[in-house]
Amino acid sequence: MAELDGHIAMDKNLYNRALKAMLAMAVATFIPTSFIKVPYGRHSRPGWGPSISPRLAWFLMESPTLWMSALLFPHGRMSSNPTSLILLMPFLAHYIHRCCIYPLRIRSGSKPLPISIAAMAFLFNTYNTYLQIRWISHYGNYTAGWLGSPMFIAGLLVFITGMIINLWADSVLLSLRRENEGYKIPRGGLFEYVSCPNYFGEIVEWLGWALMTWSLAGLSFFLYTAANLGPRAAVHHDWYHEQFPERYPKSRKALIPFVY
Ligand SMILES: NC(=O)c1ccc[n+]([C@@H]2O[C@H](COP(=O)([O-])OP(=O)(O)OC[C@H]3O[C@@H](n4cnc5c(N)ncnc54)[C@H](OP(=O)(O)O)[C@@H]3O)[C@@H](O)[C@H]2O)c1
């Protein structure tokens, strides 16, 4: 019994430290990503080691979100709680798409991805899945009443809206990619307002998750996503202006319509 108590205290201690580190990382990520163009896709460049096909890279680096969930969730104290199971659904829906469907939709003309970048993303996904899944399956105390709360309902609606925007925008971009053809100016819908609606949708999704779970784990993931994708959207936006100096729409913002 004392041994079990010891294990529980150790896990709680590890979880709290990991959570604090994630919050710090969310803030810290903003600085390097504002100065360093993460070298994949249009910003690929030599010096980051060998690369692999983007399809394989996306599958491998996103895979921890699925196998870590399968390993961790059943061991949580709340694993048979219906509210925890319902909270698991949006997380899985996003990552089943990102890990298993999105890679298949990447066109053959897309740039190879450095193994070093894929390895960093793999580690991040392992770590983040531990935080999110351990919270909803073990440390979060969700009652059935939570599903009727304004936070859960608003969060779910925000999450679904973000996911629709993200899926739609990625589909437009993927359909523009043709082998032996360069990049094109995306047009239509939210692309008339911002250069990166796919990133905007992704950030909105995890804002919804933070509301739905009403947790520091969810908040830290939302902040990390914004800190990671916000600067990358600015870099994409500048790149479009450099590539298409005359033709790129001047009124288009980088990430948030009318704002940024
Ligand atoms: N949660 C997070 O922190 C996080 C981090 C990274 C990515 N993501 C998500 O993962 C997804 C993909 O991210 P990403 O950074 O690869 O997005 P991206 O740079 O917008 O590229 C998406 C795909 O579309 C192609 N593409 C983009 N713009 C194009 C254009 N103007 N003309 C022709 N083809 C174009 C790209 O080809 P190339 O690869 O050849 O450029 C790539 O295959 C997004 O939904 C994003 O939100 C999430």
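Residues numbered from 1 in each chain as written. Predicted model: local features only at pLDDT ≥ 70, side-chain atom pairs only at ≥ 80, totals over all residues. Heavy atoms only, no water.

## Concerning the packing of aromatic side chains
Part 1 of the reasoning: All chains considered together, the criterion is met by 20 aromatic pairs.
Part 2 of the reasoning: With a centroid separation of 5.0 Å and an interplanar angle of 55°, the aromatic rings of Phe 91 and Tyr 95 are classed as tilted. Here Phe 91 and its partner Tyr 95 are both found in helix H4 (residues 82–105), 4 residues apart, which amounts to about one turn of the helix. The residues Phe 91 and Tyr 95 share a single accessibility class, namely buried.
Part 3 of the reasoning: Here the aromatic rings of Tyr 193 and Phe 258 are separated by 5.4 Å at their centres, their planes lie at 65°, and the arrangement is edge-to-face. (Phe/Tyr/Trp six-rings, centres within 6.5 Å; stacked < 30°, edge-to-face > 60°. Helix = DSSP H or I, 4+ residues; strand = E, 2+ residues; numbered from the N terminus. Buried < 20%, exposed > 50% of the residue type's maximum accessible area, 1.4 Å probe, protein only.)

## Examining the site of the ligand
Part 1 of the reasoning: Close to the ligand lie 25 residues; Tyr 40, Arg 42, Asp 170, Tyr 183 and Tyr 199 are nearest.
Part 2 of the reasoning: Measuring from an oxygen atom of the ligand, one finds a side-chain N or O atom of Tyr 40 at 2.6 Å.
Part 3 of the reasoning: Lys 184 places a main-chain nitrogen or oxygen 2.7 Å from a nitrogen atom of the ligand.
Part 4 of the reasoning: Coverage of the ligand by the protein amounts to 93% of the 890 Å² it exposes when considered alone.
Part 5 of the reasoning: Judged by the proximity of its atoms to the pocket grid, the ligand belongs to the largest pocket.
Part 6 of the reasoning: Among the elements that line the shell around the ligand, the one with the most residues is helix H8 (residues 216–243), at 6 residues.
Part 7 of the reasoning: In terms of residue class, the shell around the ligand is built from 10 nonpolar, 7 polar and 8 charged.
Part 8 of the reasoning: In terms of domain composition, the shell around the ligand takes at least three residues from each of domain 1 (50–142) and domain 2 (149–260). (Near = heavy atom within 4 Å. Polar contact = N/O pair within 3.5 Å; in protein donor to acceptor, adjacent residues only side chain to side chain. Areas by Shrake-Rupley, 256 points an atom, 1.4 Å probe, with all protein chains shown as cover. 1 Å grid on protein atoms, 1.4 Å probe; cavity = no way out; pocket = protein on both sides within 12 Å on 5 of 7 lines; lining within 4 Å. Sits in = over half its atoms within 2 Å of the grid points. Nonpolar A, V, L, I, M, F, W, Y, C, P; charged D, E, K, R; others polar. Domains from an automatic or database assignment.)

## Things to note about H4
Working note: α-helix, 3.6 residues per turn, so residues spaced by three or four point in the same direction.
Part 1 of the reasoning: The end-to-end C-alpha distance of H4, which contains 24 residues, comes to 33 Å, matching closely the 34 Å that a straight helix rising 1.5 Å per residue would cover.
Part 2 of the reasoning: The sharpest bend along H4 reaches about 35° and sits at Arg 98. (Expected span 1.5 Å × (residues − 1). Bend = angle between axes of the 7 residues up to and from the residue.)

## Details of empty space enclosed by the protein
Part 1 of the reasoning: Following the criterion strictly, the structure yields 1 cavity of 30 Å³ or more and no others.
Part 2 of the reasoning: Volume-wise, the largest cavity comes out at about 30 Å³.
Part 3 of the reasoning: Thr 33, Ile 36, Lys 37, Val 38, Asn 228, Pro 231, Arg 232 and Val 235 are the residues that line the largest cavity.
Part 4 of the reasoning: At 4 residues, the largest contribution of residues to the lining of the largest cavity is made by H8.
Part 5 of the reasoning: Among the residues forming the lining of the largest cavity, the class breakdown is 4 nonpolar, 2 polar and 2 charged. (Points joined across faces, edges and corners; volume = space filled by probe spheres on them.)

## Digging into the UniProt feature "transmembrane region" (unreviewed entry) in the protein chain
Part 1 of the reasoning: Here the UniProt-annotated "transmembrane region" (unreviewed entry) positions come out as residues 18–36, 112–131, 143–169 and 206–227.
Part 2 of the reasoning: In residues 18–36, the share of helix is 95% and the share of strand is 0%. The end C-alpha atoms are 25 Å apart.
Part 3 of the reasoning: Secondary structure content for residues 206–227 is 91% helix and 0% strand, while the C-alpha to C-alpha distance between its ends is 12 Å. (UniProt positions renumbered as here; feature names shortened; annotations may be inferred.)

## Comments concerning unusual backbone geometry
Part 1 of the reasoning: The backbone of Trp 214 shows a phi angle near 45°, a positive value even though the residue is not glycine.
Part 2 of the reasoning: Tracing the backbone through its elements, the reader meets Trp 214 in the loop between helix H7 (197–213) and H8.
Part 3 of the reasoning: For Trp 214, a relative accessible area of 53% corresponds to the exposed category.

## Topic: the pattern of salt bridges
Part 1 of the reasoning: On inspection of all chains with the given rule, the structure shows 5 salt bridges.
Part 2 of the reasoning: Note that Arg 252 and Glu 192 form a salt bridge whose closest N and O atoms lie 3.8 Å from each other. Of this pair, Arg 252 sits in the segment after H8 while Glu 192 sits in the loop between helix H6 (150–176) and H7, and the two are 60 residues apart along the sequence.
Part 3 of the reasoning: According to the relative accessible area criterion, Arg 252 is buried, its value standing at 2%.
Part 4 of the reasoning: Overall, the relative accessible area of 35% leaves Glu 192 in the partly exposed class. (Salt bridge = Lys/Arg side-chain N within 4 Å of Asp/Glu carboxyl O.)

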